[in-house]
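Each chain, written out:
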Amino acid sequence: MSDLQSTDEHWMRHALALAARARDEDDEIPVGAVVVSADGEVLGEGWNRNIGERDPSAHAEIVALREAGRQLGNHRLLGTTLYVTLEPCAMCAMAMVHARVARVVFGAFDPKTGAAGSVFDLLADPRHNHRVEVQGGVLADIAGPMLTAYFRARRGKA
């Protein structure tokens, strides 16, 4: 296993722990995100809070990006990597582009609304003045079943 792959899995496990908090503490869709500096420092983290906060923009990625911006004192998050357990939607993908995030690493692919290659490919669109490097499928074998189990439980199915 390469150093980068090992680092990606480490931070994805951190994001998965945040996703579990979303599910267990807030009964939110279990998506977690963490923004990490080029030096390996956690700058921001979050999990889905849109239901509890009644805020359609409070996805895990947005929560983590907001915290990272406050931590850095800047809306530009140059050189950072955002780890998230589910492929970003269009809103979150564009927030990453505007923040100048260097890289996004996600777990489960989202075949319905994924904007990092599944349905849309907003992060690599050449029309933007910034493109975000994408690595998908990291620990998807954990992230995907976590989401599936949550939705099955919500629907009352075992």
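About the criteria used
- Residues numbered from 1 in each chain as written.
- Predicted model: local features only at pLDDT ≥ 70, side-chain atom pairs only at ≥ 80, totals over all residues.
- Heavy atoms only, no water.
- Helix = DSSP H or I, 4+ residues; strand = E, 2+ residues; numbered from the N terminus.
- Buried < 20%, exposed > 50% of the residue type's maximum accessible area, 1.4 Å probe, protein only.
- Lys, Arg positive; Asp, Glu negative; His and termini not counted.
- Salt bridge = Lys/Arg side-chain N within 4 Å of Asp/Glu carboxyl O.
- Polar contact = N/O pair within 3.5 Å; in protein donor to acceptor, adjacent residues only side chain to side chain.
- Contact = heavy atoms within 4.5 Å.
- Expected span 1.5 Å × (residues − 1).
- UniProt positions renumbered as here; feature names shortened; annotations may be inferred.

Engineer: Before we move on, can you summarise the side chain of glutamate 28 with the specific residues and values?
Structural biologist: In this fold, glutamate 28 is placed in the loop between helix 1 (3-26) and strand 1 (32-36). With no salt bridge to any partner, buried glutamate 28 finds its closest opposite charge in arginine 49, at an N-O distance of 6.6 Å. In this structure the side chain of glutamate 28 is engaged in a polar contact, spanning 3.1 Å, whose partner is the backbone nitrogen of isoleucine 51. Here glycine 52 takes part through its backbone nitrogen, which lies 2.6 Å from a polar atom of the side chain of glutamate 28. For glutamate 28, the contacting residues outside a window of four places in its chain are Ala22, Arg23, Asn48, Arg49, Asn50, Ile51, Gly52 and Tyr150.

Engineer: Report on helix 2 (residues 60-72), specifying residues and quantitative values.
Structural biologist: When the terminal C-alpha atoms of helix 2 are compared, their 18 Å separation across 13 residues agrees well with the 18 Å that a helix rising 1.5 Å per residue should span. When helix 2 is considered as a whole, its buried residues turn out to be Ala60, Glu61, Ile62, Val63, Ala64, Leu65, Ala68 and Gly69.

Engineer: An account of unusual backbone geometry is requested, with residue identities and associated values reported.
Structural biologist: Even without being a glycine, aspartate 27 presents a positive backbone phi close to 50°. Structurally, the position occupied by aspartate 27 is in the loop between helix 1 and strand 1. On the accessibility criterion, aspartate 27 (40% relative accessible area) is partly exposed.

Engineer: Provide a residue-level description of the UniProt feature "active site" (unreviewed entry) in the chain, including the pertinent values.
Structural biologist: With numbering matched to this structure, UniProt assigns "active site" (unreviewed entry) to Glu61. Excluding residues within four positions of it along the chain, glutamate 61 makes contact with Val31, Ala33, Leu82, Val84, Leu86, Pro88, Cys89, Cys92 and Met96.

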